[in-house]
Each structure stands twice: as structure tokens, then as C-alpha cells.
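The residues making up each chain are set out below.
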Amino acid sequence: MSVPYGFDGDISKPEMLASTSFHNGGGARERFTGKVVLITGASGGVGAVLADSFACEGAITVLADVNRNAGEALERSLRDRGHQAMFVTLDVSNAGDWSAAMERIQSEFGALHVLVNNAGIISRTGIRDVTSEEWQRVLNVNLMGSMLGIQSVAKLIRDSGGGSVVNVGSTSGVVGHPGVAYSASKWGLRALTRSAALDLLEWGIRVNAVHPSQVAGTGITKGANEGYRQASDRVMPAGRAVNAEEVASAVLFLASGESSYINATDLMVDGGAVSIGMPRMRSLLESEYSST
Ligand SMILES: NC(=O)c1ccc[n+]([C@@H]2O[C@H](COP(=O)([O-])OP(=O)(O)OC[C@H]3O[C@@H](n4cnc5c(N)ncnc54)[C@H](O)[C@@H]3O)[C@@H](O)[C@H]2O)c1
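What comes next concerns the included structure.

Calculation criteria
Residues numbered from 1 in each chain as written. Predicted model: local features only at pLDDT ≥ 70, side-chain atom pairs only at ≥ 80, totals over all residues. Axes fitted to C-alpha atoms, helices over the stretch in contact; angles between N-to-C directions. Helix = DSSP H or I, 4+ residues; strand = E, 2+ residues; numbered from the N terminus. Parallel < 35°, antiparallel > 145°, perpendicular 65-115°, else oblique. Left-handed = near helix turned anticlockwise from the far one by under 90°. Contact = placed C-beta atoms within 7 Å. Nonpolar A, V, L, I, M, F, W, Y, C, P; charged D, E, K, R; others polar. Core = buried A, V, L, I, M, F, W, Y, C linked by C-beta atoms within 7 Å. Buried ≥ 20, exposed ≤ 12 C-beta atoms within 10 Å, placed from the backbone. Expected span 1.5 Å × (residues − 1). Arc of directions from axis to C-beta. Pairing = 2+ DSSP bridges. Near = placed C-beta within 6 Å.

A short note on the packing of helix 2 (residues 45–56) against helix 9 (residues 244–255)
The description of two helices packed together rests on the angle between their axes and the distance between the axes.
Okay, step 1: Relative orientation of the contacting elements helix 2 and helix 9 amounts to 55°, with a least axis distance of 9 Å. As judged from the angle between their axes, helix 2 and helix 9 are oblique. Remark: the crossing between helix 2 and helix 9 carries right-handed chirality. Residue-level inspection shows Gly-45, Val-46, Val-49, Leu-50, Ser-53 and Phe-54 of helix 2 in contact with helix 9, the latter providing Ala-244, Glu-245, Val-247, Ala-248, Val-251 and Leu-252.
Okay, step 2: Counted by class, the contact of helix 2 with helix 9 contains nine nonpolar, two polar and one charged residues.

Right under this line is the structure:
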């Protein structure tokens, strides 16, 4: 089995260590130099920050999105700063779009090392009102889109020497959420992560997921009711929303050789909300009561 990025964990081989991000000379981090990284939903929000972060660490980025104008603007901005980047129009729920994107990646770069399944849409409708159309639309993008993505890239990543897939889930896929279709899609993503990791093990492809809580300033968050947004930030253990850069940092870790022994796992990027959110709220309430 090939090991993503060539580090087989044997620290008796200094030449191997020197080639990994663990020992990069102490300068700016360059964990992805020469690596081709495909990011879906890259035109805005978390995806655009991901594209920038990967590019700043040496990656050749493929920016995939349905929003062509914003995607091409990001492509220009990355190129102007000396990075190699290519925008592709891609609706993640469309198998034909995936085939076309893979052909372009194959002909432009001949390799692929990382896929980040980041594209996602929100739905805030509960079980009493959700329609089958809305359910289908959300599941198609958030869940089927990620499945099609992994299926489409797997062979090229294998032939490129192995690599990593990172799925962008949500705390809504770990607890309940007012939007039943959104929550179901993100719970499903966790099953997809594990099953794909099992199947792709022998191809040297790790599959992991990150689960952010509410992310500050992205399209999805801006669409939320202001009162909900503020209340949600206030009750977080950290007292604030997570930044897209903090999400990107977790994604880059899972995409890089630094996480070479981490597979099929869920990394919460929620400031502890899911684990300690309840006791934290209780202590907040207790301090409010004791001060009255
Ligand atoms: N914003 C949050 O609070 C939050 C919290 C947890 C998880 N997430 C997840 O983070 C990811 C990014 O969300 P965001 O907050 O940056 O949202 P966003 O709306 O700012 O960005 C989403 C991007 O995905 C693109 N997109 C939408 N449908 C697509 C499709 N069918 N094919 C390709 N691209 C498509 C959009 O054009 C947009 O550029 C999503 O998977 C979302 O579920 C977001």
C-alpha cells in the first residue's frame, strides 16, 4: 500500500523526514508544494479561504464551483500572487460535470492528490414542513455531491501516489439541527467518510471529515436570522463563531502528511460545543441566577 506523501513513519530514514512537513526547515510552511488540490465550493465562504490557504502552502489549486464569476475572480487573484490555479465550473450533484472536471485536471496537471468536498447548501426547514423536493435538493448537493466527488477522483489520486480526501461536515451532522434535510445530509456524510475510507485504504487514500460549528461571515451564515446568529455565537463555549481560517487549518492538517495515521475520523472544529456545550450553558445560567 502506498503511503500518502511518501512518509512511512520510519524516523530512522532522515531523507524521508526531510521531505515531510514535520521537518520543513522551520520557514514558511509548504506542506503542499507540487500537490494538486481540488476544492469544491471554492468561489466563496470557507472554500475561498481553503483555496488561499492551500495555495499559500505551495499547492496547485483547482477551484470548482457553480458560481463562475466569483470563481474566475479568485483564480485571477491567486495567479496574480504567483500561485498556480484553475477554475472549473462544476455542479457537484452532476456526474457529467465531474467527468469533465477530471478530464481537465488530467490534461492540465496529470495528477491529483487532495479533494476537499466543501460545497454545501443550507436548508432550515423542519420535519413538519420540509418537502420531498427540498430534501432531495439538499441531499443531492451535500451528500450525493460528495459521493460523486470521491468516486470521480479516486483513481487519479491512486495513480498519483495516494493522497487524502477531506469532507466538510457540520456539528449538525453530530447533533440535531432545525433544518432536517441539512442535518441528515451531514450525518450521512459521516457514514460516507467511513465507508469510503475503508474502500480506498488499499489505494493509499485517507478519507476524513471536519465538523465546524457556525462559521463567521460566510454565505450560509449570512443567510441566517440575525437573532439566531447572535444567540448561537453567545452560547458557544468560546463565546464566538469559528473563523473560516480555523476551519481551513483543520482541513489542511487532515489533507497533509502530518495526519498520516489519521483515517476515517471526525474532527470537530466547534470550540468544544458538542462536547461541553451543555455544561457550559448550565454554568452560564448558574452565574446569571447567582448574580440576581
Ligand atoms: N457557514 C456555517 O456556519 C457552516 C457551519 C458548518 C459547516 N458548514 C459547511 O461548510 C461548507 C461551506 O459553506 P460556507 O459556509 O462557506 O457557505 P457559502 O454559501 O459561503 O459557500 C458555499 C459555496 O458552495 C458553492 N456551491 C453551492 N452549491 C454548489 C454545487 N451544487 N456545486 C458546486 N458548488 C456549489 C456556492 O456557490 C459557494 O461558493 C458547506 O459544506 C457547509 O455545509 C458551514
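Having seen the model, we can carry on.
Brief notes about the nonpolar core
Okay, step 1: In terms of nonpolar packing, the biggest core is built from 70 residues, with Val-37, Leu-38, Leu-50, Ala-51, Leu-63, Val-247 and Val-251 touching the most fellow members.
Okay, step 2: Here this core gets nine residues from one element, more than from any other, and that element is helix 5 (residues 132–159).
Okay, step 3: Leave out the neighbours within four places in its chain, and Leu-63 touches Ile-39, Ala-42, Ser-43, Ala-51, Gly-71, Leu-74, Glu-75, Ala-85, Met-86 and Phe-87.

Regarding helix 3 (residues 68–80)
Okay, step 1: Between its first and last C-alpha, helix 3 extends 18 Å over 13 residues, near the 18 Å set by a 1.5 Å rise per residue.
Okay, step 2: Considered for burial, the residues of helix 3 that qualify are Gly-71, Leu-74, Glu-75 and Leu-78. Each buried residue of helix 3 lies within a common arc of 105° when the element is viewed along its axis, so the set occupies one face. Every exposed residue of helix 3 that faces more than 90 degrees away from the buried side is listed here: Asn-69, Arg-76 and Asp-80.
Okay, step 3: For helix 3, the secondary structure elements touched by its buried residues are helix 2, strand 2 (60–65) and strand 3 (85–89).
Okay, step 4: Looking one or two residues beyond helix 3, the residue adopting positive phi is Gly-82, at roughly 90°.

So, the sheet that holds strand 1 (residues 36–40)
Okay, step 1: Taking strand neighbours across the sheet as the criterion, the seven strands line up as 3-2-1-4-5-6-7 in an open arrangement whose pairing is parallel. Unpaired on one side and paired on the other, strand 3 and strand 7 (266–269) mark the two borders of the sheet. Strand-to-strand, the axes of this sheet are offset by a mean angle of 20°, without reference to chain direction.
Okay, step 2: As paired strands, strand 4 (residues 114–117) and strand 5 (residues 163–168) are joined by four bridges and run parallel to one another. In the sheet register, Asn-117 faces strand 5, and the bridge partner there is Asn-167.

What to know about the site of the ligand
Okay, step 1: Taken together, 29 residues lie around the ligand, and Gly-41, Gly-45, Gly-120, Thr-218 and Gly-219 are the ones closest in.
Okay, step 2: Elements with a contribution of two residues or more to the shell around the ligand: helix 2, helix 5 and helix 7 (219–222).
Okay, step 3: By residue class, the composition of the shell around the ligand is 11 nonpolar, 16 polar and two charged.

Comments concerning the environment of Ala-100
Okay, step 1: Along the chain, the position of Ala-100 falls in helix 4 (residues 95–108).
Okay, step 2: C-alpha of Ala-100 to C-alpha of Thr-89: the two residues are 11 residues apart in sequence and 9.3 Å apart in space.

What to know about the packing of helix 5 against helix 6 (residues 180–200)
Okay, step 1: For the pair helix 5 and helix 6, interaxial distance at closest approach is 9 Å and the crossing angle is 15°. Comparing the axis directions of helix 5 and helix 6 gives the class roughly parallel. Considering only the axes of helix 5 and helix 6, their crossing is right-handed. Listed contacts from helix 6 to Glu-134, Trp-135, Val-138, Leu-139, Asn-142, Leu-143, Ser-146, Met-147, Ile-150 and Ala-154 of helix 5 are Ala-181, Tyr-182, Ala-184, Ser-185, Lys-186, Gly-188, Leu-189, Leu-192, Ala-196 and Leu-200.

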